[in-house]
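# What the coordinates show
Listed here are the chains, written in short residue letters.
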Amino acid sequence: MSRSPAVARRPFGTPSLTPLLFLAPALLVYVVFLVYPMLWSLWVSLYEWDGLSDNMVFIGLGNYARILLADEIAQLALWNNVLWTVGTLIVPTGIGLVLALALNRRFRGSVVFRTIFYSPAVLPLVAVGLIWSWMYNPNFGAVNLALKAMGLGWLARGWLSDYDTALAATFVTNVWSHVGFPMILYLAGLQAIPRDYYEAAKLDGANAWQSFRHVTLPGLKETHVIVLSLSVIQAFKVFDIIYTMTYGGPGRVTQVLGTWMYFQTFQYYNAGYGAALAWVIALIVLVIAIPYIRRMSRN
């Protein structure tokens, strides 16, 4: 009687190394290109360093104290980020919800309109900034020409060079380019709400506003978490539009943390201070993202 060859068995409870071998290449790339640069920038933020020489002076939390207590431009940039964030939570998010409600109905051309409203969201922000910079041109820009054509020439001005309008003008560009993203998310959320809920509300005598308040808004609860969290994160990371359209000017009135970090690091050669600014942005975003991650993980 032949016996089957002996098969080596792994002792019970001993972990297999096969999954780790499969994960090793991706994990190596992740550590080299993400974890290591993050830890290095955190280390650099504790030093006064120009980013080029070997002369690194340890100052501990001095760079962070300078951001919060001594650097008026950094404080202005933080305030601009806060204003930008509040505006992002209200304007593009609200417009996106309204568009989603309008385009969730079936009518001729609804797909075309969805594409039109979403298309700015896929354009590179640098290209968006350049396009709107031309539109805001005080001499031949489409904005001033349109105002003059409507008899409102007294409103025409250099929108990006005026201290009172520069930040608002760039924010309008941000709304135009980002309104499509919450619209798509809200559309997906609306289509996930069972139609039976609306029919039951109608049978109970609910009007359109009551159906929206008691059926649509609760049904979009998870979508609200996603849209608001991602909108806040995007608002605190804003860089491209400001850099392309105003370069932080006129003066410093449109500086945000992202642009001020860039100037400090690559123009003023304050690499340590720039790294501290980057970590301030990261910590703010992390604090905002944690509830979103916990909520999505729980679900």
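Per-chain numbering applies: the sequence of each chain, read as written, is numbered from 1 onward. Only residues with pLDDT of at least 70 get local features here, since the model is predicted, and only at 80 or more are side-chain atom pairs given and counted; chain-wide, interface and lining totals rely on the full set of residues. Processing note: side-chain calculations cover all non-hydrogen atoms of the structure and skip hydrogens and water entirely.

Turning our eyes to something else, we now look at the overall build of the protein chain. We count a stretch as a helix when DSSP gives it H or I for four or more residues in a row; a strand needs E for two or more, and each element gets its number in order from the N terminus. When helices and strands are tallied, the protein chain shows 14 helices and 2 strands. C-alpha atoms define the radius of gyration in this analysis, and the globule rule sets the expected value at 2.2 Å times the number of residues to the power 0.38. Computed over C-alpha atoms, the radius of gyration of the protein chain comes to 26 Å, more than 25% over the 19 Å expected from 2.2 N^0.38 for 299 residues, which places it beyond the range of a compact globule. Judged by the C-alpha coordinates and their principal axes, the protein chain covers about 105 × 75 × 35 Å. Taking all 299 residues of the protein chain together, 35% fall into the buried category. Accessible area of the protein chain: about 18,500 Å², with a carbon and sulfur share of 68%. When a residue's accessible area, from a 1.4 Å probe over protein chains only, is under 20% of the maximum for its type it is buried; when over 50% it is exposed; and in between it is partly exposed. What sets the accessible areas is the Shrake-Rupley method with a 1.4 Å probe; for residues, cover comes only from the shown protein chains.

Patches here are clusters of residues that have more than 30% relative accessible area and form no salt bridge, with a 9 Å joining cutoff for like charges and a 5 Å cutoff for nonpolar side chains (Val, Leu, Ile, Met, Phe, Trp, Tyr). Any carboxyl oxygen of Asp or Glu within 4 Å of a side-chain nitrogen of Lys or Arg constitutes a salt bridge here. Residues Leu27, Leu28, Val29, Tyr30, Val31, Val32, Phe33, Leu34 and Met38 make up a contiguous nonpolar surface patch of about 870 Å² in total accessible area. Relative to the helices and strands, tyrosine 30 resides in helix α1 (residues 18–44). By relative accessible area, which is 45% here, tyrosine 30 ends up partly exposed.

Turning our eyes to something else, we now look at the pattern of salt bridges. Following the criterion strictly, the structure yields 1 salt bridge and no others. In this structure, arginine 157 engages aspartate 162 in a salt bridge whose closest nitrogen and oxygen atoms are separated by 3.7 Å. Residue class for arginine 157 comes out partly exposed when judged on its relative accessible area of 32%.

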